[in-house]
Each structure stands twice: as C-alpha cells, then as structure tokens.
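What follows is the residue order along each chain.
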Amino acid sequence: MKHLISIDDLSKEEILKILDKAEDFEEVALGLRNCRILEGKILANLFFEPSTRTRISFETAMKRLGGEVVNVSAQEASSMAKGETLADTIRVISNYCDAIVIRHFLEGAARFAAENSSVPVINAGDGAGQHPTQTLLDLYTIRKECRRLEGLTVALVGDLKYSRTIHSLIKALTLFNTKIYLVSPEILSLPEDFLEELNGDVEKAKLEEIIDSVDVLYVTRIQKERFLDEEEYRRVAGSYRITLDMVKRMKENAIILHPLPRVDEIDVRVDSTRNARYFKQAFYGVPVRMAILSEVMV
Amino acid sequence: MRELVISKIKEGTVIDHIPAGRAILVLKILGINEKTRETVSMALNVPSKKMGKKDIVKVEGLFIKEEELNKIALIAPNATINLIKDYEIEKKFKVKLPEVVKGILKCPNRMCISNSKEPISSIFYIKTNGNEVFAKCHYCGRRIKELADYLL
Ligand SMILES: Nc1ncnc2c1ncn2[C@@H]1O[C@H](COP(=O)(O)OP(=O)(O)O)[C@@H](O)[C@H]1O
Ligand SMILES: [Zn+2]
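Residues numbered from 1 in each chain as written. Chains lettered and ligands numbered in written order. Predicted model: local features only at pLDDT ≥ 70, side-chain atom pairs only at ≥ 80, totals over all residues. Heavy atoms only, no water.

Chemist: Break down the domain arrangement of chain B for me, with residues and values.
Modeler: All names here are of chain B. Parsing chain B into structural domains produces domain 1 (12–94) and domain 2 (100–150). Opposite the six residues of domain 1 that make contact, domain 2 presents six residues. Buried surface at the junction of domain 1 and domain 2, summed over both partners, amounts to about 520 Å²; 84% is from carbon and sulfur atoms. The tally of links from domain 1 across to domain 2 stands at zero salt bridges. Between the two partners, domain 1 and domain 2, sit zero residue pairs in polar contact (both at pLDDT 80 or more). For the side of domain 1 that touches domain 2, a count of residues per class yields four nonpolar, no polar and two charged. (Domains from an automatic or database assignment. Contact = heavy atoms within 4.5 Å. Buried area = accessible area lost by both parts, 1.4 Å probe. Salt bridge = Lys/Arg side-chain N within 4 Å of Asp/Glu carboxyl O. Polar contact = N/O pair within 3.5 Å; in protein donor to acceptor, adjacent residues only side chain to side chain. Nonpolar A, V, L, I, M, F, W, Y, C, P; charged D, E, K, R; others polar.)

Chemist: Would you mind going over the coordination of the zinc ion (ligand 2) in detail, with residue names and values included?
Modeler: Working reference: metal with six octahedral donors, ideal angles 90 or 180 degrees; metal with four tetrahedral donors, ideal angle 109.5 degrees. Residues and elements named next belong to chain B. Taken together, Cys107 (SG), Cys112 (SG), Cys137 (SG) and Cys140 (SG) make up the protein donors of the zinc ion (ligand 2), found 2.3 to 2.4 Å from the metal. Considering all four donor atoms around the zinc ion (ligand 2), the spread of angles at the metal, 98 to 119°, places the coordination shape in the tetrahedral class. In the primary structure, the donors to the zinc ion (ligand 2) are separated according to the pattern C-x4-C-x24-C-x2-C. In this pair, Cys112 sits in the loop between strand S6 (100–102) and strand S7 (123–129) while Cys137 sits in strand S8 (residues 132–137), placing the two residues 25 residues apart along the sequence. (Donors = N, O, S within 2.8 Å, 3.2 Å for Na, K, Ca; no water. Tetrahedral: all angles 85-135°; square planar, octahedral: opposite > 155°, others 65-115°. Helix = DSSP H or I, 4+ residues; strand = E, 2+ residues; numbered from the N terminus.)

Chemist: I'd love a proper account of the interface of chain B and chain A, names of residues and values included.
Modeler: Counting from both sides, the interface comprises 15 residues of chain B and, opposite them, 17 residues of chain A. Carbon and sulfur atoms supply 48% of the area that chain B and chain A bury against each other, a total of about 1400 Å² over both sides. Of all residues in chain B, Met111, Ile113 and Arg143 of chain B give up the largest surface area on contact with chain A, accounting jointly for 37% of the area buried on that side. Applying the counting criterion to the chain B and chain A interface returns ten residue pairs in polar contact (both at pLDDT 80 or more). Here the side of chain B that touches chain A is built from residues that sort into seven nonpolar, three polar and five charged.

Chemist: Give me the lowdown on helix H6 (residues 132–146) of chain A, citing residues and values where you can.
Modeler: Residues and elements named next belong to chain A. Relative to the 21 Å expected for 15 residues at 1.5 Å per residue, H6 spans 21 Å between its end C-alpha atoms, a close match to the ideal helical length. Of all 15 residues that make up H6, 14 are buried, and the element is covered over most of its length. Where H6 ends, the next residue or the one after it, Arg147, has phi of about 65°, a positive value. (Expected span 1.5 Å × (residues − 1). Buried < 20%, exposed > 50% of the residue type's maximum accessible area, 1.4 Å probe, protein only.)

Chemist: Lay out the environment of Gln223 of chain A in plain terms, naming residues and giving numbers.
Modeler: Residue and element names in this part refer to chain A. Considering the arrangement of structural elements, one finds Gln223 in the loop between strand S8 (216–219) and helix H10 (230–239). With a relative accessible area of 23%, Gln223 lands in the partly exposed category. Separated by 61 residues in sequence, Gln223 and Tyr162 place their C-alpha atoms 9.5 Å apart.

Chemist: Residues and numbers for the packing of aromatic side chains, please.
Modeler: Using the criterion set out here, one finds five aromatic pairs over all chains in the structure. Three or more aromatic residues link up through ring pairs in this structure, and these residues are Tyr140, Phe283 and Tyr284 of chain A. Stacked on the ring of Phe134 of chain B, the Lys or Arg Arg143 of chain B has its end atom at 4.4 Å from the ring centre. (Phe/Tyr/Trp six-rings, centres within 6.5 Å; stacked < 30°, edge-to-face > 60°. Lys NZ or Arg CZ within 6 Å of the ring centre and 35° of its normal.)

Chemist: Report on the pairing of strand S2 (residues 68–72) of chain A, specifying residues and quantitative values.
Modeler: Two faces belong to every sheet, and in a regular strand the side chains alternate between them. Residue and element names in this part refer to chain A. Direction of pairing for strand S1 (residues 42–47) relative to S2: parallel, over a ladder of five bridges. Looking at S2, one finds that Leu46 is bridged to Val72. This β-α-β element, S1 to helix H2 (residues 53–64) to S2, shows right-handed connectivity. (Pairing = 2+ DSSP bridges. Right-handed = clockwise from strand over helix to strand, strands pointing away.)

Chemist: Report on unusual backbone geometry, specifying residues and quantitative values.
Modeler: Omega for the peptide link from Leu260 of chain A to Pro261 of chain A comes to 5°, which places this bond in the cis form. Looking at the element boundaries, Pro261 of chain A is found in the loop between strand S9 (255–257) and helix H12 (278–297). Of note in the backbone geometry, His17 of chain B takes a positive phi value of approximately 60° without being a glycine.

Structure, rendered in structure tokens:
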C-alpha cells in the first residue's frame, strides 16, 4: 500500500510522476473537464490541528475526482484524542474510508498512523516535521512558472528553523541541482544537523546580495511567538519584508512564492507584479492533491 | 596465561573491552537485571593495554544471541565477545553496529510521537560518519550522538 509521509520517501522519478499527473488534472481542477476516477471512494480528513487551506484543497481535489469526503474537525479529533490513542482512532477510521489525510501536532504522527492503518495515509503536516503535499505543490508551481525544475537558483526567506514547509522543500530541491540561498535571522536559521545532512549547493546569504540573481524567492512567515520581545520581533521581521523596491531589482522572470497565509512579510503592492505567483501556487494545490489522491487510491 | 580478574566460567558469554564505566549500561541494554536467572559478574576499571582501563562482563551458562550482543556496539563499539565452552574460548568476535534498534534509545524530541502515550517503541537507524556513530529517529528524524546518554 502506498502512503505519503515524507518527501524523503519519494525518489526523483516518483516526484516527477506526481507532477506530470497533476498537469493532466489541471483542467479537471478548473472544472473544464470531467473526471470521476475516485467515484465511490471516501476520503477521511483527520485534522488534530486546525487548517483551512490544506483541508479545503484536499476536499476540493477529492470531489473534483468524483469522491466523497468525511471531515473530522480539530475539535472532534482532539476530544477523540482524549479518549483513545491515535493508534486506535486510526484503526477505527481506516475501516470507514479509502484513504486518510492527517494533520497532527506531534512529529512522526503520520508515520505512526500509517503503521496502524489499513488504508493509505497522507501526511498533511506533523508538528514541526514534514508537509510533503505542500512540497509537491511548491515543486509543481516552480516547474510550471519557471518552465523547468533543474538548475534553478532559489532563495528561501524567513523562518528556516521551525517551518515544516521549508524543511521538506530544501530536501526536494537538492534533487534538482538547485542553488539554494538561506536567508533568515540568526535565531531562525536552519538547524545545524539538518544542514549537515544535505548534500547540495546550499549557502547562507543576505537578501540584498542575492535578490537580483534568484529565479525563485520563497518567502515564509516569521512568527511573533518565536521572539522574546515584541520590539525585537518588529525589527527583525521588518528587515525580511519583501517590498516593491526589492521586487524591482529581481530578474524579470523571477517568481515569488509563499505557502500562505501571509501576514505582512510581502507588501500587498507586490501582489500585482508579474513576479507574484503565490495565489497561483495556492490553486496548484488542487491538481497536485488530485494527483496524490489518485496515486494512493487507484 | 594472563591472570583472570574474575574466576573462570565453564560456559557462557564474556564481553570484553567495554569502555570503563559502561558495564552497567551493557547489562541494561541486554536486559540483565535482578530477575535474570544466570550468574553475572562484572569487573570494572581493569587495566588494559589498548584502552587504559576497561570493563568486563561475564554471563554464566548463557550464550547470548549475536543480534542481542550487537546492540552493545551502540555504547561499546570495540567490545569483543568470547563464547566460552568447557573453560575455553570457543568463538570470539567483535560486535557490529546494528542498522536499526527498537526500544533501546529515547528520542530527545519532546514533540516526537515516540514519546507520547501511544503504544509505540522508539526506532532508530544507526549511521556512522567517519569514527562518529549517530542515530536517527524513525518517527521525527532527530539525530543523536553520544548514544549512551539516550538509553531508555
Ligand atoms: N573460561 C573463561 N571464563 C571466564 N572468562 C574467560 C575465560 N576464558 C577467557 N576469558 C576472558 O575472556 C577475555 C578474552 O580472553 P583472551 O582471548 O585470552 O584475551 P584478549 O582478548 O585480551 O586477547 C578475557 O577478558 C578473559 O579474561
Ligand atoms: Zn523522534
């Protein structure tokens, strides 16, 4: 049985297969073509942590392919969590459905769920751990909007320490000969042992030094909770903010991505530039998740 | 013949070249405790040419399985195993690092599912980087060095 727990479990070929499949599903995701390959199948969305975007895009993807969705809300899930173990919850729910999408606050929860499930499990985020479907949609967006995936220069900006999106993405990018710049305040820099494990062209950099040379600027939120005092937070966050002036220095075809939700790390005036692709990126979540769902269930 | 620190045993397992001070941890890894039936003796801080000081553990009447013994390599990478039969060394080998260990190491990540109330045992993949041994959590990916500090 196929699960999707960590991007590390996928080979480059498997990643590309999912991206190609997503390409085929784009018309279906836009409602331009009908496709009901998941008709009669039921997906359980099991979210122990609140999420809107990821949950809704899974739900949309499933329904566009003719399938049905059972949603277990964060509230229901957590009251369940009080009464029984995750292992038991999964044993029960996997008897009701054909695949499970899980988000949990503990790292490794999705892998443990998969070990206890009789149906495929898809990890939609496990604490500070992995978020492979986000990574696949990021790769899809980059390939689509840059027209290639090999040999690009990508800057990752913001919280590189706690962001699960970033950790999954870096690993995947190193498969595609990417030049990676890490741009973050010191206290939010990539964990040292994570860095040690990477074999690729990865380098710390300052935004102003590399902004004119990147093909992709991937921005993440700097969370207030990571700082001891508000003053410090404002000073740091301010210096990693993407403004119109900075965008003017970017290559003409360079793109700006963000996993959303955005707070104020990207000036809203950037939204209307040709470089801003984060809303497109959000849309691509649907065809990519359609590809993943069909991959595990068909 | 060199003098034996502890009296000869007729049959059993001798674990030699344990870094000084770790004999107790070796027993812990092997699950040897007051409930064990066999006679177990330990010699601590025995002078050794190679190691300066070493510990030795002897378990009488028991041939511990190689797979079990290899777990010792986590904290005593140079340990030598001597299987004794009729007072003679019948077989001698060095422990080999296992690739995976289950239920032996504790993940230091408080947010790791392996530390929750779930029915779960920790699983670690053992890797080396030159001389350095480290372990990686199957569940959360956390890497640990100094494995002796993380025994469950
Ligand atoms: N019959 C025995 N009973 C208990 N211990 C023994 C017996 N024979 C050998 N040993 C112990 O096994 C270890 C290995 O013995 P040996 O091969 O002579 O030494 P080394 O490995 O240091 O060259 C030593 O610690 C020795 O004391
Ligand atoms: Zn762990």
